Amino acid sequence: MSQWLPIDDIVEQVQAGKLRAVDLVEQALQTIEATAEFDAVIATTADRARQRAAEIDARVDRGETVGSLAGVPFIAKDNFLTFGSETTAASNILKGFEAPYQATAIERLEEAGAICVAKANLDAFAHGSSTENSDFMTTKNPHDPTKVPGGSSGGSAAAVVLDMAPFALGTDTGGSIRLPASFCGAVGYKPTYGLVSRSGVVAMASSTDVVGPLTRTVADSAIVLDVLAGVDPLDSTTIERDDDCYQVSTASLKGMRIGIIKEYMDESLSDEIRQPITAAIEKMRQAGAIIEEVSLPSLPLALACYYIICPAEVSSNLSRYDGQRYGFSDTEANDLFSSYAGSRSKGFGKEAKRRIMIGTYVLSSGYYDAYYKKAQTVRTKLIKEYEAAFKDFDLLVGPTAPTPAFAIGSHTADPLQMYLTDIMTVAANLAGIPAISIPAGSSDGLPVGLQLMAPQRADRTLLAAAAKTEEILR
Amino acid sequence: MVSPEVRARYTVTIGIECHVQLKTVSKLFSGAANDAREAEPNTLVSHIDFGMPGALPVLNKEAVHLAARAAFAFGTKPQQFSYFERKHYFYPDLPMGYQITQLAHPIVVGGEVVIDVDGERQTVRINRVQMESDAGKSVHPTGKDYSLVDLNRAGTPLLEIVSEADMHSAAAAKAYAKELYLLMRYADVSDCNLYYGNMRFDVNVSVSQTEEFGTRTETKNLNSFRAVEKTIEYEVNRQIEQLEGGEKVVQETRGWNDAKQKTFTMRTKENAEDYRYMPDPDLPPIVLDEAYVADVAAEMPVLPAEWRERLSGLGLDRAQTDTLLEAEIEVDGINYLGLIEQNLGDQAYAKALANWLINVEIPLRRSDVTIALTDAIARAKLYRATYDLVAANKLSSTNARTVLTELLVSGEAREPSEYAQAKGYIQESDEGAILEIVRQVLADNLKAAEDVRGGEMKAIGFLVGQVMKLSQGKANPGLAQQLIKKELGL
């Protein structure tokens, strides 16, 4: 059992003066300290958190209405620019960087009364599926410290499961919220692309980066989304939010048309995943859902397509880390070129360099058409296949990951095997559709996640159905 | 120098890329102010201009609006679908490591600029116009072991106007550059302040003796019309000398040394960079609907070509018309074209007015003299009243200029007739009075009088001049001439 009440109960009690924000912050900070051996957190923002908590309590004492997340502590992945600590993206090149402004997501949460207490570990620049690519440390899976928590939002997922805070923020570029949610047994929700502002988030792949929550329940994710969602003048790719609140009551699955993604459930899927996922889907059928198989023929190409488009954008987005204005700068350099070369080769880790090289290659003259352009063609085809599937189905369902959490170190020598971890998550990013991973049983004591996907902007439908599924799986 | 005979064997081909700074309040992708002329270094820099982590570009709608106006200035329409791309290279004045520009789908495709080269009408086709953000400025202090970067200019909105290689002489290139200047000013797209680098030219030049183009060089960052002209003259000569000497022209980027009046090698094609263009995923495509395009079309002001057409009945030559077109945009609030246009119904007056503007007011305003008269209605009245005095033979053309000059400078609200009277400028048409002066002049200039009598009519102008001088400009020159002839028995 969690030490935290559901978010709406916390807010109600803080507003009523029955719970004090300062106590909630201390509770979070104590838990962070008590679970330090899992290396989920890079730094706390304790001073600022305590100060903000005191301000919130004072406002409650004055009888003011504080906000829809009043006094709720949270942990932000360290690729969100925040005040109160450094923002490093778990990279050496940004070590020591103090953000001069905060991400829109952080600003909106603070506006609603939420309090950031710490910054979570990640694969450096969110490049990875295990947090082993963090330049600082590897986060341990709360269920088994010899296993990875998944990535790249591994610190955020572990933090929620370790009960450090009621929710954490993550980013999902190719599965980076859903995969660690699946590995750690949390709810991980990737909203529709553009529904949450990317402003102030260290960019990975701009066309697929999405901000979303990691929580213990779907209801908590919906509350957080309701605060985050909507157009941001600082991010031109943001879209209009729904007029209605995203915090929805559980919907009945009765009559809902749900397609099982054939390509994710073929004979290559291990039994340790197939068994709990099949059982979960069966329960959905019993709850009245109309379950049928659906095929998206281009899905097997999604991973290859993703690992062209994503590194291309990564290579471009990482250009600004050049040692000239902030972050690590090679002081041994004696001319401009060696300053660039030294700062970047010493400041970036192995995986960032690998992606910069792949991205540079696929964008270079003579290869652009063969790789980048072709990948964009596949992406368009994939989007069309999703659109066709959503004519017949309200939701699609399948596993979040092909395996449960794997052992620390087991994939590090083989980047391809590591990339394959994302095989079931990347397609939703390429298509920009919302997807959520919810706990659906376990295999040998390790959590297994069930993934639900919906058409673009159908976030409310997705959250309602996920909440019901969560209820029947409990 | 290559001899004219050798020079004549070669065809010169010129294409020009021109960067103009859009006159927006803020930068292309940030809220930082766009006018860096008076600003301290690095004071107009937002998070995006600085390349901060997580900072995203947000397109300035006014920049799109101005680019759309530019399309109409070139006689075409803006593209309804265009988008931005990233052009990657590393340099300290490029904080993001890429410039945001356009490549595959620019905002303007096609269009043309009509120029006049020694009286011949030529058309230069526009290949494309793309929107892009400028880089910052690097300064390398001499004798120092450091460089300085000023990011005030980083993110400034530019239009890059790419011509086809349709020009074949330095004169054509200069005419094109000047016409671009007029077009961008009249369309209110840019301030085109060359001194501040608001308008910069890159010229591509090649020479060939065959149908095939020769190898071209690109000379970058020219910031005056004269530099454009001189660069081309220099490059044409240099390239022909090279070919005549049995060498090859190297494809390269060159710079212009204004002090030495020479171009010099900046970088050759061998170390050309691969910019790895990629559509910018942070910026949605620019989509302009029909209604938007129609609105921009409707708001376009009268452009230089249309003004030339409207003034064509006044018998002005190209240079005179261009003086009016150029002067029109030199001083805010002082208009010439509109004033002439209002009076086109009276051609004689309109002609006189145009000549006065060209020969009196424009040179005055371009001089150091402070001109007090700025009120448009008072100016219009002054010109008309002065013209009426001349038409009524009450004011000589010389004194008309004097009256105009003095009243423009002083700004006094006086009737020209009253003023001319008070100042003694009114023309003397009393025969008796003039005759007296004529006799005096003839007596003082016996040689000239003899020449005129001998049939050398050129000398009569001199005598009339003397009469004018002696009468302090008041004598009616026509009457004076008649009387001189009469006195000399002609």
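What counts and what doesn't
As a convention, each chain's residues are numbered from 1 in the sequence order in which they are written. To label them, take the chains in the order written and letter them from A, then take the ligands in the order written and number them from 1. Under the rules for a predicted model, residues below a pLDDT of 70 receive no local features and side-chain atom pairs below 80 are neither given nor counted, while totals for whole chains, interfaces and linings still include all residues. Strands were regarded as paired on the criterion that DSSP finds at least two bridges between them. Each helix is a run of H or I in the DSSP string that is no shorter than four residues. Each strand is a run of E no shorter than two, and both are numbered from the N terminus. Lines fitted to C-alpha atoms define the axes here, with helix axes fitted over just the stretch in contact, and angles between the N-to-C directions of these axes take values from 0 to 180 degrees. By the criterion used throughout, residues are in contact when their C-beta atoms, derived from the backbone, lie within 7 Å. Residue ranges assigned to the domains are those given by an automatic or database domain assignment. Ten residues, namely Ala, Val, Leu, Ile, Met, Phe, Trp, Tyr, Cys and Pro, are considered nonpolar, four, namely Asp, Glu, Lys and Arg, are considered charged, and the remaining ones, Gly among them, are considered polar. Comment: burial labels come from other C-beta atoms within 10 Å of the residue's own C-beta, placed from the backbone, where a count of 20 or more is buried, 12 or fewer is exposed, and between is partly exposed. Multiplying one less than the number of residues by 1.5 Å gives the expected span of a helix.

**Student:** Any chance you could break down the sheet that holds strand 15 (residues 278–279) of chain B for me, citing the residues and the numbers?
**Tutor:** Backbone hydrogen bonds hold the strands of a sheet together, and the pairing may be parallel or antiparallel. Residues and elements named next belong to chain B. Spatially, three strands are ordered 4-3-15 in an open sheet, and the strand pairing comes out antiparallel. Edge positions in the sheet fall to strand 4 (98–101) and strand 15, since each of these pairs with one other strand and no more. Across four bridges, strand 3 (residues 85–88) lies against strand 4 in antiparallel orientation. Across the sheet, glutamate 85 pairs through a bridge with threonine 101, a residue of strand 4.

**Student:** Account for the sheet that holds strand 8 (residues 290–294) of chain A, with residues named and values stated.
**Tutor:** Residue and element names in this part refer to chain A. Strand order across the open sheet formed by eleven strands is 1-3-2-4-6-5-10-11-9-7-8, with mixed pairing between neighbours. Every other strand in the sheet has two partners, leaving strand 1 (41–44) and strand 8 as the edge strands with one partner each. Across the sheet, the mean angle separating the axes of adjacent strands is 30° when strand polarity is ignored. Bridge count between strand 10 (residues 435–443) and strand 11 (residues 446–453): seven bridges; the pairing is antiparallel. In the strand pairing of strand 11, alanine 435 is matched with methionine 453. Across the face of the sheet, helix 3 (residues 46–61) comes into contact with strand 1 and strand 3 (115–120) while running at roughly 165° to strand 3.

**Student:** Residue-level account of the domain arrangement of chain B, with values.
**Tutor:** Domain boundaries in chain B define domain 1 (4–287), domain 2 (302–423) and domain 3 (431–487). Computed from C-alpha coordinates alone, the two centres of domain 2 of chain B and domain 3 of chain B are separated by 31 Å.

**Student:** Provide a residue-level description of the interface of chain A and chain B, including the pertinent values.
**Tutor:** Interface size is commonly expressed as the accessible area that is lost once the parts come together. In this assembly, 31 residues from chain A lie in contact with 24 residues from chain B. Of all elements in the fold, only helix 9 (299–317) and helix 11 (350–363) of chain A reach the threshold of two or more residues within the side of chain A that touches chain B. With three residues, helix 9 of chain A is the single largest residue contributor to the side of chain A that touches chain B. Here the side of chain A that touches chain B is composed, by residue class, of 13 nonpolar, twelve polar and six charged.

**Student:** Requested: an account of the pairing of strand 9 (residues 395–399) of chain A, with residues and values cited.
**Tutor:** Residue and element names in this part refer to chain A. When you tally the buried positions in strand 9, you get five out of five residues, the bulk of the element. Of the strand pairs in this sheet, strand 7 (residues 257–261) and strand 9 are connected by three bridges, and their pairing is parallel. Residue isoleucine 260 lies in a different strand from strand 9, and its bridge partner there is valine 397. Bridge analysis of strand 9 against strand 11 gives four bridges, and the strand direction is antiparallel. In the strand pairing of strand 11, valine 397 is matched with leucine 452.

**Student:** Run through helix 12 (residues 369–392) of chain A, naming residues and quoting values.
**Tutor:** Given a rise of 1.5 Å per residue, 24 residues ought to cover 34 Å, and the 34 Å separating the end C-alpha atoms of helix 12 of chain A matches this to within 8%. Packing partners of the buried residues in helix 12 of chain A comprise helix 9, helix 11 and helix 14 (426–431) of chain A.

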